[in-house]
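Listed here are the chains, written in short residue letters.
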Amino acid sequence: MADLSLLQEDLQEDADGSLDFVTQDEMLTPLGRLDKYAASENVFNRQMVARSLLDTLREVCDDERDCIAVLERISRLADDSEPTVRAELMEQVPHIALFCQENRPSIPYAFSKYLLPIVVRYLADQNNQVRKTSQAALLALLEQELIERFDVETKVCPVLIELTAPDSNDDVKTEAVAIMCKMAPMVGKDITERLILPRFCEMCCDCRMFHVRKVCAANFGDICSVVGQQATEEMLLPRFFQLCSDNVWGVRKACAECFMAVSCATCQEIRRTKLSALFINLISDPSRWVRQAAFQSLGPFISTFANPSSSGQYFKEESKSSEDLSVEDKNRIRDQEVPEDVQIRPEDVSSDPSISNSSVKLENMVEDHAETSRKSPGEISVPVDSSLLCTLSSESHQEAASNENDKKPANCKSALRPEGGASSPDSALLDQELYNSFHFWRTPLPEIDLDIELEQGSGNTLSPERPEETSEVTVPGSSNITMATRKELEEMIENLEPHIDDPDVKAQVDVLSAALRASRLDAREEASDAEKRSDVQDELGVNELPNCKINHDASVPLISDAVENMDSALRYIHNDSDLSTNSSFSPDEERRSKVQDVVPQALLDQYLSMTDPSRAQTVDTEIAKHCAYSLPGVALTLGRQNWHCLRETYETLASDMQWKVRRTLAFSIHELAVILGDQLTAADLVPIFNGFLKDLDEVRIGVLKHLHDFLKLLHIDKRREYLYQLQEFLVTDNSRNWRFRAELAEQLILLLELYSPRDVYDYLRPIALNLCADKVSSVRWISYKLVSEMVKKLHMATPPTFGVDLINELVENFGRCPKWSGRQAFVFVCQTVIEDDCLPMDQFAVHLMPHLLTLANDRVPNVRVLLAKTLRQTLLEKEYFLTSAGCHQEAVEQTIVALQMDRDSDVKYFASIHPASTKISDDAMSTASSTY
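Not measured: the values here are computed from a predicted model. (Residues numbered from 1 in each chain as written. Predicted model: local features only at pLDDT ≥ 70, side-chain atom pairs only at ≥ 80, totals over all residues. Heavy atoms only, no water.)

Caption draft 1: Main features of the overall build of the chain. Summing up its helical and strand segments, the chain has 53 helices and zero strands in all. A total of 932 residues make up the chain; the buried ones form 52% of that total. A separation of at least 24 residues holds for 74% of the contacts in the chain among residues at least 6 apart in sequence. Carbon together with sulfur atoms contributes 51% to the accessible area of the chain, which is approximately 44100 Å² in total. (Helix = DSSP H or I, 4+ residues; strand = E, 2+ residues; numbered from the N terminus. Buried < 20%, exposed > 50% of the residue type's maximum accessible area, 1.4 Å probe, protein only. Contact = heavy atoms within 4.5 Å. Areas by Shrake-Rupley, 256 points an atom, 1.4 Å probe, with all protein chains shown as cover.)

Caption draft 2: Inspection of the environment of Met48 at higher detail. Structurally, Met48 can be placed in helix α3 (residues 43–51). Of the residues examined, Met48 reaches a relative accessible area of 38% and is grouped as partly exposed. For the pair Met48 and Leu89, spaced 41 residues apart in the sequence, the C-alpha separation amounts to 9.7 Å.

Caption draft 3: Local environment of the packing of helix α13 (residues 220–227) against helix α14 (residues 229–244). Put simply, α13 and α14 touch, their axes get as near as 9 Å, and they point 165° apart. The angle between α13 and α14 falls in the class roughly antiparallel. The chirality of how α13 crosses α14 is right-handed. Between α13 and α14, the contacting residues are Phe220, Ile223, Cys224 and Val227 on the first element and Gln229, Ala231, Thr232, Leu236, Arg239, Phe240 and Leu243 on the second. (Axes fitted to C-alpha atoms, helices over the stretch in contact; angles between N-to-C directions. Parallel < 35°, antiparallel > 145°, perpendicular 65-115°, else oblique. Left-handed = near helix turned anticlockwise from the far one by under 90°.)

Caption draft 4: Just helix α51 (residues 887–900), in detail. Taking 1.5 Å as the rise per residue, α51 with 14 residues should run 20 Å; its terminal C-alpha atoms sit 20 Å apart, in good agreement. Within the span of α51, buried status applies to Gln889, Val892, Thr895, Ile896 and Leu899. The arc enclosing the buried residues of α51, seen along the axis, measures out at 125°, which places them on a common side. More than 90 degrees from the buried face of α51, the exposed residues found are Cys887 and Gln894. (Expected span 1.5 Å × (residues − 1). Arc of directions from axis to C-beta.)

Caption draft 5: Here's a closer look at the packing of aromatic side chains. For the structure on display, the rule yields 17 aromatic pairs. Geometrically, the ring pair formed by Tyr724 and Tyr763 is edge-to-face, given 5.2 Å between the ring centres and 75° between the ring planes. Here the residue Tyr724 occupies a position in the loop between α41 (716–720) and α42 (738–751), and Tyr763 occupies one in helix α43 (residues 757–772), the gap between them amounting to 39 residues. For Tyr724, a relative accessible area of 52% translates into the label exposed. Here a set of aromatic residues connected by ring pairs shows up, and it is made of Phe200, Phe220, Phe240, Phe259, Phe279, Phe301 and Phe305. When the ring centre of Tyr761 is taken as reference, the NZ or CZ atom of Arg765 above it lies at 4.3 Å. A cation over an aromatic ring shows up here: Lys869 above the ring of Phe910, its NZ or CZ 4.8 Å from the ring centre. (Phe/Tyr/Trp six-rings, centres within 6.5 Å; stacked < 30°, edge-to-face > 60°. Lys NZ or Arg CZ within 6 Å of the ring centre and 35° of its normal.)

Caption draft 6: Just the nonpolar core, in detail. Counting 164 residues, the largest nonpolar core has Phe220, Tyr607, Leu711 and Phe844 as the members making the most contacts within it. Setting aside anything within four residues of it in sequence, one finds Leu711 in contact with Phe689, Arg719, Tyr722, Leu751, Leu754 and Tyr755. In this structure, Leu54, Ala78, Phe99 and Val152 belong to the second largest nonpolar core, which totals 57 residues. (Core = buried A, V, L, I, M, F, W, Y, C linked by side-chain atoms within 4.5 Å.)

Caption draft 7: Main features of the UniProt feature "repeat: HEAT" (unreviewed entry) in the chain. UniProt's entry tags residues 115–153 and 156–195 with the feature "repeat: HEAT" (unreviewed entry), counted in the numbering of this structure. As annotated, residues 115–153 comprises 74% helix and 0% strand, and the C-alpha atoms at either end are separated by 16 Å. What you have in residues 156–195 is 82% helix and 0% strand, and the ends, taken at the C-alpha atoms, are 11 Å apart. (UniProt positions renumbered as here; feature names shortened; annotations may be inferred.)

Caption draft 8: Representation of the environment of Leu278. Tracing the sequence through the fold places Leu278 in helix α17 (residues 268–283). Overall, Leu278 belongs to the buried group, its relative accessible area being 8%. Considered as a pair, Leu278 and Cys244 are 34 residues apart in the sequence and their alpha carbons are 7.7 Å apart. With residues near it in sequence (within four places) discarded, Leu278 still touches Phe240, Phe241, Cys244 and Phe259.

Caption draft 9: Quick peek at the pattern of salt bridges. Counted under the stated rule, the structure contains 34 salt bridges. A salt bridge links Arg213 to Asp246; its shortest N-O distance comes to 2.6 Å. Within this pair, whereas Arg213 is found in helix α12 (residues 210–218), its partner Asp246 is found in the loop between α14 and α15 (249–257), the two being separated by 33 residues in sequence. Note that Glu789 and Lys785 form a salt bridge whose closest N and O atoms lie 3.2 Å from each other. (Salt bridge = Lys/Arg side-chain N within 4 Å of Asp/Glu carboxyl O.)

Caption draft 10: Representation of the environment of Val661 in the model. With respect to the element layout, Val661 can be found in helix α37 (residues 659–676). With relative accessibility at 0%, the residue Val661 sits in the buried group.

Caption draft 11: Expanded view of the side chain of Arg864. With respect to the helices, strands and loops of the structure, Arg864 is situated in helix α49 (residues 861–873). Exposure remark for Arg864: the relative accessible area of 2% places this residue in the buried category. Setting aside its immediate chain neighbours within four residues, Arg864 contacts Leu855, Ala856, Asp858, Arg859, Leu899, Asp902, Arg903, Asp904 and Val907.

Caption draft 12: A look at the packing of helix α10 (residues 170–187) against α12. Where α10 meets α12, the axes come as close as 9 Å, and the angle between the chain directions of the two elements is 10°. Taken as axis vectors, α10 and α12 run roughly parallel relative to one another. Packed against α10, whose contacting residues are Lys173, Thr174, Val177 and Ala178, the element α12 presents His211, Val212, Val215 and Cys216 at the interface. Its residues assigned to classes, the contact of α10 with α12 comprises five nonpolar, two polar and one charged. (Nonpolar A, V, L, I, M, F, W, Y, C, P; charged D, E, K, R; others polar.)

Caption draft 13: The arrangement of the confidence of the model for the chain in detail. The predicted model of the chain averages 74 in pLDDT, with 64% of residues at 70 or higher. Counting interchain partners and residues more than four positions distant, the pLDDT-below-50 stretch residues 317–482 has 313 contacts. (pLDDT = per-residue confidence, 0-100.)

Caption draft 14: Fine view of the side chain of Arg823. Structurally, Arg823 is set in helix α46 (residues 820–835). In contact with Arg823, not counting residues within four places along its chain, are Phe814, Gly815, Cys817, Pro818, Leu855, Asp858, Arg859, Val860 and Val863.

Caption draft 15: Spatial organisation of α49. Here α49 is 13 residues long and its end C-alpha atoms lie 18 Å apart, about the 18 Å a rise of 1.5 Å per residue gives. The buried fraction of α49 amounts to 11 of the 13 residues, a majority that puts the element mostly inside the structure.

What follows is the structure, encoded as structure tokens:
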């Protein structure tokens, strides 16, 4: 017992001593405590001082002298010999600096005088942890703009330049270069060009330390984007060329990774002439790691060749007007084939207001010739003069007029120009040499204005374009054109002969042979007609041409029969998908089909080779995935007129064995559809889209997440075909993949606007009701929203019978469901309908409320709890039930009174509580969590 009493006395003395110690600390001022522990020999005490500096400043912030005293003690603490104390101090500096900035009137210039010198001094600290912490602190201060511009120029940059001197420590030099590069975007172009750029260029040529060159290469793109195009081209590009040929593969790899950023900072000419060749060298680098990085950057680099002025996309082919075409677009249309998406060329529209205001909608004609307007391998081109398009007989005019339903006269795209028919010999030669597939294969335009005097004097059609050169331009059936036609026909027949056993091919050969015979028989007749037209045109003045009109009763020769036969033959051939990809075409022809002039062809060839199986073995096993990832950007750069260059590559990627590649395409197919337009989408993307629908769930989810975005781009008839397939999304490889069904419900809400009430009721309604009974609550919650939106759409339809039928089905399947979860789902649907105003309250009171109120006698408390919350917090908040005093309001009040006397305490609570005293969303979620 004596020992026990002695132990108790010792414990009491220790407790008294500790209390005395605490009391002493409490009696000290904040500065006194700071001085006490800062002078302690215990390292942990000094670390504690560093952590508590901000709290100490807050305690003394009202007294400027005390604040200055704390900052002075920080300067003394910065000289601590223990690295952990210095690192801890540096971690607190950004917070202290922010506090000083907020209390600037009390402690002006505190950061610049006391804290910033510590930060820049620690950049050269011997301890690696301290240096790293100071670098992070400096970048954080610059990012939050806590360092004045003057301090950056006079205190920060000189230190960094000194640290990157040739005699500096290797590690310090490398870290200083990295800091300079990272701070360049924060300090701006002026400081970077004056203070950082010269030293950065020197570091790029550091012959002794490849680590320094590697850091420079990795951050080269950031520096280029800051200093701009002129400084990049004059000072940085020569250094970049040196780095790309560095003898260390890590440096070259870093160059390949930042190639896109460097390309963005240069002009188009340098990008095309110099950077392209440099990039080809990186792609063929001896190091596999360099090649891998280069191929990953190939797609982004190609995207830098995109024309910014034509980046705006339009989807419907007839929706682009002449004002939407840029100057470069006009030149490109002159210099190459025009695809089906270009409807009106600005230089082709007449200056006559009466003509320019009556634009033609060629929707039917474009659909008829959508396939023939795309150049596929082996498709032949027959050069025909553009005046051929404006040659119409009375019979063809009447037929065109009937097809257009007596619409306004059309524009003559080729023959009517602002110059009024007078053009230079150079322009005439240009138009003769160039072939335009869009102009040739389209149906002739319906009507051209001709003067009555001209039709009486000539009796033949006239080409208003370039009358002074009639012998070269206005003779559609001249001998040289006919010879070209016959030559192409003969080549086509020769290519098809090896496959004559195929009945389809034999029929095509018969059509081509007939066209060939017709071209030979009509050659002489066309030449004589051309001479007559040229003689007549010589007698006419140029100024009379723009205002001429065709007499429907006059005898006007048609386009030559050979050309018409050729048109039909090629249309028949192009519609045969098997023949269009026939292997009988030579490799040269296939290669020519992938030629374009937007990006250097060598770059595109390398990009197309990324699907080669050998690349996966020699470069990167995931190279196909990188190709798929950047394909929309490459397609946008090339434009839809060059889609034929990428079509085969896209189809190869879509059938790749790796599901990650197909998944990447599935997530971006809706974006590619916007780039290509409706016709190419229907022809090339829809089949691939259909394949993705039957793929693995990892691929299907990419299609499902953007299902609405893709389907809204399709024609209404094509869109309806997918109604039958929506049910398949309910079936997944893994039944536990409930997020798949949740995403389906989200997409169905968006799809409601794309389909008619009949389609919604017949196809979407069964899926929605199925999802409302899902096993997972998250799926059901989204499905309640879906059903309520469906009720709204069907009720607004005329007549609203579909809406009434849907409501009756909800009552039957859920309101009277034998399972309590189904009856609870009915209450949730009613609650959503009320909250989102999906039904007028008078209609809700008639169709849904009677069945809702009957659930007040439900035997399951969870149903009654949700009913009480719905009535009290949702229904009675509506104006209809607040103002009206009808039978519906009386029924609701009686039900609430009954619920207030319910035997369950939760039902009583929610039936009696005031709606404003609780949050509806929180209550709903609490109910959901307690009942699922």
